[in-house]
Amino acid sequence: MIIREMTVEDAAAAAALEKECFSMPWSQKIYETTLANKDTLYLLAEEDTPDGKVLVGMCGLQNILGEADISNVAVKQEFRRQGIAEKLLGRLLEEGRRQGIYAFTLEVRSSNEAAIKLYEKYGFVTEGIRKRFYEKPVEDALIMWLR
Ligand SMILES: CC(C)(COP(=O)(O)OP(=O)(O)OC[C@H]1O[C@@H](n2cnc3c(N)ncnc32)[C@H](O)[C@@H]1OP(=O)(O)O)[C@@H](O)C(=O)NCCC(=O)NCCS
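This one's a predicted model, so the numbers in the text were calculated from it and none came from an experiment.

Q: Which residues make up the site of the ligand, and what values do they have?
A: Around the ligand sit 20 residues in total, of which Val73, Arg81, Gly83, Asn112 and Lys121 are the nearest. Here Arg81 contributes a backbone N or O atom positioned 2.8 Å from an oxygen atom of the ligand. Contacts to the ligand include Asn112, whose side-chain N or O atom sits 2.7 Å from an oxygen atom. Contact with the protein chains covers 77% of the free accessible surface of the ligand, which is 910 Å².

Q: An account of the pairing of strand S4 (residues 67-75) is requested, with residue identities and associated values reported.
A: The sheet contact formed by strand S3 (residues 52-64) and S4 spans 7 bridges and is antiparallel. Residue Ile64 lies in a different strand from S4, and its bridge partner there is Glu67. In sequence, S3 turns back onto S4 through a hairpin of 2 residues, with Leu65 there showing a positive phi of about 50 degrees. In this region the chain leaves S4, passes through helix H3 (residues 84-98) and returns to the parallel neighbour strand S5 (residues 103-109); the handedness of that crossover is right-handed.

Q: Lay out the packing of aromatic side chains in plain terms, naming residues and giving numbers.
A: Taken as a whole and judged by the stated rule, the model has 5 aromatic pairs. Relative to Tyr134, the ring of Phe133 lies with its centre 5.0 Å away and its plane at 85 degrees, an arrangement referred to as edge-to-face. Judged by its relative accessible area of 35%, Phe133 is partly exposed. Within the aromatic cluster, the residues linked to one another by ring pairs are Trp26, Tyr31 and Tyr42.

Q: Quick rundown of the packing of H3 against helix H4 (residues 113-121)? Include the residues and the values.
A: Between H3 and H4, the shortest axis-to-axis distance is 10 Å and the interhelical angle comes to 45 degrees. Regarding the angle of H3 to H4, the classification is oblique. Helix-helix and strand crossings are classified by hand; for H3 and H4 the assignment is right-handed. For the pair H3 and H4, contact is made by Ala85, Glu86 and Leu89 and by Leu118, Tyr119 and Lys121, respectively. By residue class, the composition of the contact of H3 with H4 is 4 nonpolar, no polar and 2 charged.

Q: Give me the pattern of salt bridges: which residues, what numbers.
A: Considering all chains together, one arrives at 13 salt bridges under this definition. Notably, a salt bridge pairs Glu20 with Lys76, separated by 2.9 Å at the nearest N-O pair. Residue Glu20 is located in helix H1 (residues 11-21), and its partner Lys76 is located in the loop between S4 and H3; the two are separated by 56 residues in the primary sequence. Salt-bridge contacts for Asp39 lead to Lys38; the nearest nitrogen and oxygen are separated by 3.8 Å. Its relative accessible area of 33% is what places Asp39 among the partly exposed residues. Overall, the relative accessible area of 73% leaves Lys38 in the exposed class. A single salt-bridge network, built from bridges that share partners, covers Arg4, Asp10 and Glu46.

Definitions and limits used
- Residues numbered from 1 in each chain as written.
- Predicted model: local features only at pLDDT ≥ 70, side-chain atom pairs only at ≥ 80, totals over all residues.
- Heavy atoms only, no water.
- Near = heavy atom within 4 Å.
- Polar contact = N/O pair within 3.5 Å; in protein donor to acceptor, adjacent residues only side chain to side chain.
- Areas by Shrake-Rupley, 256 points an atom, 1.4 Å probe, with all protein chains shown as cover.
- Pairing = 2+ DSSP bridges.
- Helix = DSSP H or I, 4+ residues; strand = E, 2+ residues; numbered from the N terminus.
- Right-handed = clockwise from strand over helix to strand, strands pointing away.
- Phe/Tyr/Trp six-rings, centres within 6.5 Å; stacked < 30°, edge-to-face > 60°.
- Buried < 20%, exposed > 50% of the residue type's maximum accessible area, 1.4 Å probe, protein only.
- Axes fitted to C-alpha atoms, helices over the stretch in contact; angles between N-to-C directions.
- Parallel < 35°, antiparallel > 145°, perpendicular 65-115°, else oblique.
- Left-handed = near helix turned anticlockwise from the far one by under 90°.
- Contact = heavy atoms within 4.5 Å.
- Nonpolar A, V, L, I, M, F, W, Y, C, P; charged D, E, K, R; others polar.
- Salt bridge = Lys/Arg side-chain N within 4 Å of Asp/Glu carboxyl O.

Structure below.
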């Protein structure tokens, strides 16, 4: 498995993985626009399979004056629980810090135990709750920070 920076050419594959993982997935167009923004950093994990290279995981951030908003953390179902998200997030934090980011924040569904555990492993703490932040289904968001 390799981890590398996502480019506009990966937008279609990223949108396909979104569809598998989220109830309100980002489109290819949103990825293209996001990846063209110089304040974003998106990483992907790619695996060689008999069918060729497959995008198995991804995550990204937007840098807003040294504070980064992390989003789109996702790993393909059949590749979960192998440490892929942990590796991706570790690289994202490392690269972000290298770029001068000193604080990271993210939102996560309050019932998303897997993701919350992953973020806590890196030291993220819940600092707030945004009531009914999510749709499909409606759910509160935990606001987590790593400073
Ligand atoms: C959350 C998600 C990205 C984790 O990906 P993953 O590659 O399976 O995670 P990893 O194997 O790297 O696990 C790292 C840590 O996360 C936690 N974790 C991951 N999956 C878990 C699960 N199903 N239950 C409990 N903890 C879990 C554990 O602390 C784990 O460490 P451990 O293996 O030492 O126990 C994946 O489940 C996913 O894509 N979910 C759907 C999309 C999503 O909800 N994204 C988050 C949006 S905020």
